[in-house]
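Structure assessment
For reference, the chains in residue letters:
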Amino acid sequence: MSTRYAATPDEIAGLLAGWGEPGYRARQVWEGLYKRRAPLEELTNLPLALRRRLGEALPLALEQVHSSSADDGETTKWLWAAGGDGASIETVLMRYPARATVCVSTQAGCAMACSFCATGQAGFERHLTAGEVVEQVARAQHASPQRVGNVVFMGMGEPLANYDATWAAVERFHDDFGISARHITVSTVGVVPGMRRLARERLPVTLAVSLHAPDDALRSELVPLNRRYPLAEVLAAAREYLAASGRRLSFEYAMIGGVNDAPAQADALARLLRGFSPAAHVNLIPLNPTPGYGMPASPPRRVAAFAERLRQGGVGATVRRNRGTDIDAACGQLRTRHGAAKSSNLGAPVRMVQRRGGS
Ligand code: SAH
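From a predicted model like this one, the values you see are computed outputs, not experimental measurements.

**Let's talk about the overall build of the protein chain**
Looking only at helices and strands, the protein chain has 12 helices and 12 strands in total. Counting over 359 residues, the protein chain shows a buried share of 56%. Across the protein chain, every contact between residues at least 6 apart in sequence was considered, and the portion connecting residues at least 24 apart equals 69%. When the accessible surface of the protein chain is summed, it comes to about 14700 Å², and 52% of that surface belongs to carbon and sulfur atoms.

Below is the structure:
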């Protein structure tokens, strides 16, 4: 059995035809779910009995375990239990005056083990399906008066380690929800084969590469995958993506006090990225402290100085305001506290791995 947002337009049409429904119903259902982005229960142009029947034939994939809000209700985080095994995953909605952004997870847990990331500290549980990724945006939209205009693959998991589901979800966001490719951002820790594959796809999505360090020694400590795909290879693949897509690249850099925030490191980063300019931009994210990593965030003044130094070195930089910190909805914090507790209740224990620098 398919789930509501895993079902393709053809599958929906086939189901309805099998029930002897008139041909126009398929379009009504699809338009209601994707163009209007309404919950099935609110598609009142369908007879009640049909809505009920569809609801049973196409159940939702995600059961809400918990939701919390911050920033005066502008940021909402959900913890879901995925159908079948109850794997716990999280989604964050960020509302702005005219539109909204949804941050989706692509895996329950993550195998990349970045030392400062809460998801990485918890280990890998399983890949999500495309339907589970698509449903996260649908469910967030149902809670948002603003239309979701941006999707960022910056929740739990490494999107390019779950390539097929990630790409299928990208296509659904673009083709069904009508979100433009530039407003879909895939963030990767540097899975080089995935980046190369992405460069050959038909939709030029925005690519964000998580760097966090200007040299291999430090990056390998923070991002273990760097031992397999060192900086030079990651940057070469990024260059390839830029050439193929024509899209400006983003580089993410978590600012960790006394670890990667020195002026000399800003200079080294500028030298590394200058060649991309002006087609690259660095987003500086002050570290969100996580339970398994002992280092502090860089103080605001140090972050500002680092940004200024990058600009002087010829590389654009923005300091990202961290939304949802107090509900653990900020970058890398997903599935701390509530999530970890819940997933063990659901019989899918979260491995807490001790890492270097861990407390
Ligand atoms: N696996 C993808 C998506 C991860 S989350 C990737 O690595 O890009 C999106 C961003 O949040 C990444 O840049 C990630 O490194 C960053 N991040 C993770 N934990 C963080 C933390 N504790 N503080 C600040 N940023 C963090």
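Anyway, onward from the coordinates.
**Notes on the packing of helix H10 (residues 263-273) against helix H11 (residues 300-312)**
Look at H10 against H11: their axes get within 9 Å of each other, and the N-to-C directions meet at 35°. Of the two elements, H10 crosses H11, and the hand of that crossing is right-handed. Here Pro-263, Gln-265, Ala-266, Asp-267, Leu-269 and Ala-270 of H10 come into contact with H11, specifically with Arg-302, Phe-306, Arg-309 and Leu-310.

**Observations regarding the site of the ligand**
Residues in close proximity to the ligand total 20 residues, the closest being Glu-158, Ser-187, Ser-210, His-212 and Asn-288. The separation between a nitrogen atom of the ligand and a polar main-chain atom of Asn-288 is 2.9 Å. At the level of elements, strand S8 (184-188) and strand S10 (249-255) are the ones that each hand at least two residues to the shell around the ligand. For the shell around the ligand, the class distribution of residues is nine nonpolar, nine polar and two charged.

**Observations concerning unusual backbone geometry**
The phi torsion of most residues other than glycine is negative, and most of the peptide bonds are trans. Of note, Arg-37 is a non-glycine position whose phi angle comes to about 55°, a positive value. By secondary structure assignment, the location of Arg-37 is in the loop between helix H2 (24-35) and helix H3 (48-57). A positive phi is found at Asp-72, a non-glycine position, where the angle reads about 55°. Among the structural elements, Asp-72 can be located in the loop between strand S1 (62-70) and strand S2 (75-82).

**Here's the deal with the pattern of salt bridges**
Where charged atoms from two side chains of opposite charge come close, those side chains can pair. By the definition in use, this model includes 15 salt bridges. Two residues, Asp-176 and Arg-172, come together in a salt bridge whose shortest N-O distance is 2.7 Å. Given a relative accessible area of 10%, Asp-176 falls into the buried group. A residue is classified by how much of its surface remains accessible, and Arg-172, at 12% relative accessible area, is buried. For Arg-309, the salt bridge identified is with Asp-267, shortest N-O distance 2.8 Å. One end of the pair, Arg-309, is in helix H11; the other, Asp-267, is in helix H10, and 42 residues separate them in sequence. What makes Arg-309 partly exposed here is its relative accessible area of 35%. It is possible to trace a salt-bridge network through shared partners that takes in Asp-85, Arg-126 and Glu-132.

**Brief notes about the environment of Arg-239**
Relative to the helices and strands, Arg-239 is located in helix H9 (residues 231-245). Judged by relative accessible area, which is 40%, Arg-239 ranks as partly exposed. Between the C-alpha atom of Arg-239 and that of Ala-280, which follows or precedes it by 41 residues, the distance is 9.9 Å.

**Quick notes on the packing of aromatic side chains**
Taken as a whole and assessed by the stated rule, the structure comprises nine aromatic pairs. Here the aromatic rings of Tyr-34 and Phe-177 are separated by 5.1 Å at their centres, their planes lie at 65°, and the arrangement is edge-to-face. Linking Tyr-34 in helix H2 with Phe-177 in the loop between helix H6 (163-175) and S8, this pair joins segments that are 143 residues apart in sequence. Accessibility expressed as a relative area gives 1% for Tyr-34, which makes it buried. In this structure Phe-177 comes out as buried when scored by relative accessible area, which is 4%. Lying across the ring of Tyr-96, Arg-99 places its NZ or CZ 4.9 Å from the centre. In this structure, Arg-239 packs its charged tip against the face of Phe-276, placed 4.2 Å from the ring centre.

**Section: the state of the cysteines**
Every disulfide links exactly two cysteines, by a covalent bond between their sulfur atoms. The final tally for this structure, using the stated rule, is zero disulfides. Cys-117 provides the cysteine sulfur closest to Cys-110, a residue in no disulfide bond, and the two sulfurs are 6.5 Å apart. A relative accessible area of 11% places Cys-110 in the buried class. Cys-114 takes part in no disulfide bond, and the closest cysteine sulfur, belonging to Cys-117, lies 6.3 Å away.

**Thoughts on the side chain of Arg-51**
Mapped onto the elements of the fold, Arg-51 is located in helix H3. No salt bridge is formed by the buried Arg-51, whose closest oppositely charged neighbour, Glu-41, lies at an N-O distance of 8.3 Å.

**Quick notes on the environment of Ser-105**
Position of Ser-105 relative to the elements: it lies in the loop between strand S4 (100-103) and strand S5 (107-109). Of note is the side chain of Ser-105, whose polar atom sits 2.5 Å from the backbone oxygen of Glu-90.

**Examining the sheet that holds strand S7 (residues 148-153)**
With mixed pairing, the 10 strands of this open sheet are ordered in space as S1-S2-S3-S4-S7-S8-S9-S10-S11-S12. Here the strands that pair on one side only, and so sit at the sheet edges, are S1 and strand S12 (316-319). Averaged over all pairs of adjacent strands, the angle between their axes in this sheet comes to 20°, without regard to strand direction. Two strands pair when backbone bridges link them, and S4 and S7 are joined in this way by four bridges, in the parallel orientation. Across the sheet, Val-102 pairs through a bridge with Val-151, a residue of S7. Relative to the sheet, H6 contacts S7 and S8, its axis offset from that of S7 by approximately 170°.

Procedures and definitions
- Residues numbered from 1 in each chain as written.
- Predicted model: local features only at pLDDT ≥ 70, side-chain atom pairs only at ≥ 80, totals over all residues.
- Heavy atoms only, no water.
- Helix = DSSP H or I, 4+ residues; strand = E, 2+ residues; numbered from the N terminus.
- Buried < 20%, exposed > 50% of the residue type's maximum accessible area, 1.4 Å probe, protein only.
- Contact = heavy atoms within 4.5 Å.
- Areas by Shrake-Rupley, 256 points an atom, 1.4 Å probe, with all protein chains shown as cover.
- Axes fitted to C-alpha atoms, helices over the stretch in contact; angles between N-to-C directions.
- Left-handed = near helix turned anticlockwise from the far one by under 90°.
- Near = heavy atom within 4 Å.
- Polar contact = N/O pair within 3.5 Å; in protein donor to acceptor, adjacent residues only side chain to side chain.
- Nonpolar A, V, L, I, M, F, W, Y, C, P; charged D, E, K, R; others polar.
- Salt bridge = Lys/Arg side-chain N within 4 Å of Asp/Glu carboxyl O.
- Phe/Tyr/Trp six-rings, centres within 6.5 Å; stacked < 30°, edge-to-face > 60°.
- Lys NZ or Arg CZ within 6 Å of the ring centre and 35° of its normal.
- Disulfide = S-S within 2.5 Å.
- Lys, Arg positive; Asp, Glu negative; His and termini not counted.
- Pairing = 2+ DSSP bridges.

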